[in-house]
Amino acid sequence: MSAKHPSKLASLICVLICGVIDPVQGFVVHRPSLPFSPGTSWPHYSNYNRRTAGGDDRGGSMSALSASAAASALSTNTELLPGMDAIMTQNEELWEMLDKLRDKPYFRLYSVDMLASCEYMPQELFECYSETCEIYPVDEEEIPLRLKEVDDDEHDFELDGWARWDMPSDDYYDTLQFPEGFTGYDGSEVWRFIHDRIGFHDDEMVDDEYDADTWKADFNKAVSGLHAMVSAQVVRGIVEKIEAGEEFSDAEAVYSDPKTEFERRLGRNGETPLAIENMYFCYMLMLTAVSRARDRLLLDCECGRIGAEAAQILKGILDFDLLENTSISVASRKFHDHAVKDKDTLWEARMRTRDLMRIMNCVQCNKCRLHGKVSVLGLSTALQLLVGQRGEGTADSEMTRVHRVELAALMTTLSKFATAIRFCQQMQEEIS
């Protein structure tokens, strides 16, 4: 089936998916040598890297030569270097499109259970009274009726699937209205659990938990990359706080130097020398997963689930050269080959991603919980698309079971990575 010109079969599938056509508008993570700081727990996303009228437009595409030099400075992994070069050269243009896409209802509205209990550790009741971490549902009339109907219809899930989203309700939250920000929330207890219990620490990975010859190391590397993306957003939140002229509290003062924090969290001599390399690895997985979901996303455009303006932007993203670059698919091929070789144990990966989703209910900053859940669902969806239930990938016939909220989270998380990569390039240029 052509991605650009869906066949009659695709149109039939479209009707089966959408019904009546009605438009809607490490898991090894970074091992800290210093205590977890307030605000390090979950993504920070702000207008620092969004184009606004009269705003700063930092960044820009690198030349191939400068990108190659920059990639070599970040990694010695010869398998990943070509893909890192390609990202550095083309990420700016892709980021611009993704940044616009995130503003559209299909990709920014999520029905989330903000009252779910923490199942992994005893917690004292914590009420967030700060505007920096509290969120509120959008008014009911702001939720496109068709979008809500779709989410209600797609409430089912696979018992042993990669992730399990909250049951839909009348409470929808808008990631545009409540973007990631520097909240001051301390989520160190949650991060410790993720590192100690959700990560893989098998004997075969004692010497190399990121690049050993097993899918478990690939899993660790991907989630470490997710953590690196979060770290980049945290530092970006610090930068924005400074540029806004806001004061740091006494507890936050130690983290008020963005260059120091960048080097500590993401530098080659920092807490996790492979942090940025792992972030590129995870970004490559996300890019290939979006390419894998191309026909399914285009069907949602044809069915009218995705509004006309959003569909136009999305089609530009799906046609973008970077998604089909063979150097980008190196990461997914590695993960796939390892998964096929050891497919009898792949159920452990699905179980761990479900745990990763559920532990978000232990995050007591509501804004952090919202964005944490979206990010984890985005990564889980990518892994599902790439290797499926048993390592073979998600078959075309199974694509109809990929839900709206999973596709939205996939694209939103891709945008988060594009933004983090862009910010890291800026910081590296300033530091060098």
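Here, every reference points to the structure presented above.
Residues numbered from 1 in each chain as written. Predicted model: local features only at pLDDT ≥ 70, side-chain atom pairs only at ≥ 80, totals over all residues. Heavy atoms only, no water.

Some points on the overall build of the chain
From N to C terminus, the chain includes 15 helices and two strands. The buried share of the chain, reckoned over its 432 residues, is 60%. Summed over all atoms, the accessible surface of the chain reaches about 17,700 Å², with 50% contributed by carbon and sulfur. (Helix = DSSP H or I, 4+ residues; strand = E, 2+ residues; numbered from the N terminus. Buried < 20%, exposed > 50% of the residue type's maximum accessible area, 1.4 Å probe, protein only. Areas by Shrake-Rupley, 256 points an atom, 1.4 Å probe, with all protein chains shown as cover.)

Concerning a negative patch on the surface
There is a patch of like negative charges on the surface, built from D139, E140, E141 and E142. Take E142: it is sitting in the loop between strand 1 (109-111) and helix 5 (145-153). On the basis of relative accessibility, which here comes to 45%, the residue E142 falls in the partly exposed class. (Patch = residues over 30% accessible without salt bridge, like charges linked within 9 Å, V, L, I, M, F, W, Y side chains within 5 Å. Salt bridge = Lys/Arg side-chain N within 4 Å of Asp/Glu carboxyl O. Lys, Arg positive; Asp, Glu negative; His and termini not counted. Charge placed at Lys NZ, Arg CZ, Asp CG, Glu CD.)

Description of helix 8 (residues 258-266)
Of the residues making up helix 8, those classed as buried are P258, E261, F262, R264, R265 and L266. In this fold, the buried residues of helix 8 make contact with helix 7 (215-243), helix 9 (275-292) and helix 15 (404-431). A side-chain oxygen of the first residue of helix 8 lies 3.1 Å from the backbone nitrogen of K259; this N-cap is D257. (Contact = heavy atoms within 4.5 Å. Polar contact = N/O pair within 3.5 Å; in protein donor to acceptor, adjacent residues only side chain to side chain.)

A look at the pattern of salt bridges
Between side chains of opposite charge, a pair can form when the charged atoms approach closely. Scanning the entire structure with this criterion turns up 28 salt bridges. Close ionic contact of E180 with R102 constitutes a salt bridge, the shortest N to O distance being 3.7 Å. Of this pair, E180 sits in the loop between strand 2 (172-174) and helix 6 (188-198) while R102 sits in the loop between helix 3 (81-101) and helix 4 (105-108), and the two are 78 residues apart along the sequence. Residue classification places E180 among the buried residues on the basis of a relative accessible area of 1%. Residue class for R102 comes out buried when judged on its relative accessible area of 5%. In this structure, the salt-bridge partner of D211 is K334, at a minimum N-O distance of 3.4 Å. Residue D211 is located in the loop between helix 6 and helix 7, and its partner K334 is located in helix 12 (residues 330-341); the two are separated by 123 residues in the primary sequence. A relative accessible area of 24% places D211 in the partly exposed class. Bridged by salt links that share partners, the residues E154, R296, D300 and R305 form one connected network.

Details of helix 6
Residues separated by three or four positions in an α-helix point in the same direction, a consequence of the helix having 3.6 residues per turn. Looking at helix 6, one finds that the buried residues are S188, V190, W191, F193, I194, H195 and I198. Structurally, helix 6 contributes buried residues whose contacts are with helix 7 and helix 13 (347-358).

Details of the packing of aromatic side chains
Counted by the stated rule, this structure contains seven aromatic pairs. Measuring from centroid to centroid gives 6.3 Å for Y136 and F178, while their planes differ by 55°, and the two rings are tilted. In this pair, Y136 is assigned in the loop between strand 1 and helix 5 and F178 in the loop between strand 2 and helix 6, connecting sequence segments 42 residues apart. Among the aromatic residues, those joined into a cluster by ring pairs are F200, W215 and F219. A cation over an aromatic ring shows up here: K221 above the ring of F281, its NZ or CZ 5.8 Å from the ring centre. Over the ring of F248 we find K241; its NZ or CZ atom is 5.4 Å from the centre of that ring. (Phe/Tyr/Trp six-rings, centres within 6.5 Å; stacked < 30°, edge-to-face > 60°. Lys NZ or Arg CZ within 6 Å of the ring centre and 35° of its normal.)

Focus: the state of the cysteines
Here is the idea: a disulfide is a covalent bond, and it sits between the sulfur atoms of two cysteines. Counted under the stated rule, the structure contains one disulfide. Covalently, C118 is tied to C362 through a disulfide, its sulfur atoms 2.0 Å apart. Judged by the sign of its S-S torsion, about 80°, the bond between C118 and C362 is right-handed. A residue pair is termed long-range when its members are at least 10 positions apart, and C118 in the loop between strand 1 and helix 5 and C362 in the loop between helix 13 and helix 14 (366-387) qualify at 244 residues. (Disulfide = S-S within 2.5 Å.)

Brief notes about the packing of helix 7 against helix 15
The geometry of helix 7 relative to helix 15 is characterised by a closest axis approach of 9 Å and an angle of 60° between their N-to-C directions. Our classification of the angle between helix 7 and helix 15 gives oblique. Between helix 7 and helix 15 lies a crossing whose hand is left-handed. Side by side, helix 7 and helix 15 meet where G225, L226, M229, A232, Q233, V235, R236 and V239 of the first sit next to K416, F417, T419, A420, F423 and C424 of the second. (Axes fitted to C-alpha atoms, helices over the stretch in contact; angles between N-to-C directions. Parallel < 35°, antiparallel > 145°, perpendicular 65-115°, else oblique. Left-handed = near helix turned anticlockwise from the far one by under 90°.)

Things to note about a nonpolar patch on the surface
On the surface, a nonpolar cluster with roughly 320 Å² of combined accessible area is contributed by F157, L159 and M167. The exposure class of F157 is partly exposed, given its relative accessible area of 39%.

Digging into the side chain of R305
Relative to the helices and strands, R305 resides in the loop between helix 10 (294-303) and helix 11 (308-318). Here R305 falls in the buried class, since its relative accessible area comes to 4%. Within the structure, R305 has its side chain in polar contact with the side chain of E154 (distance 3.1 Å).

A closer look at the environment of C362
Here C362 falls in the buried class, since its relative accessible area comes to 0%. Linking C362 and V190, residues 172 residues apart in sequence, is a C-alpha distance of 6.8 Å. Leave out the neighbours within four places in its chain, and C362 touches C118, E119, Y120, M121, Q123, Y185, V190 and R369.

Points about the side chain of T412
Residue placement: T412 occurs in helix 15. Not counting chain neighbours up to four residues away, the residues in contact with T412 comprise R102, F107, Y110 and V374.

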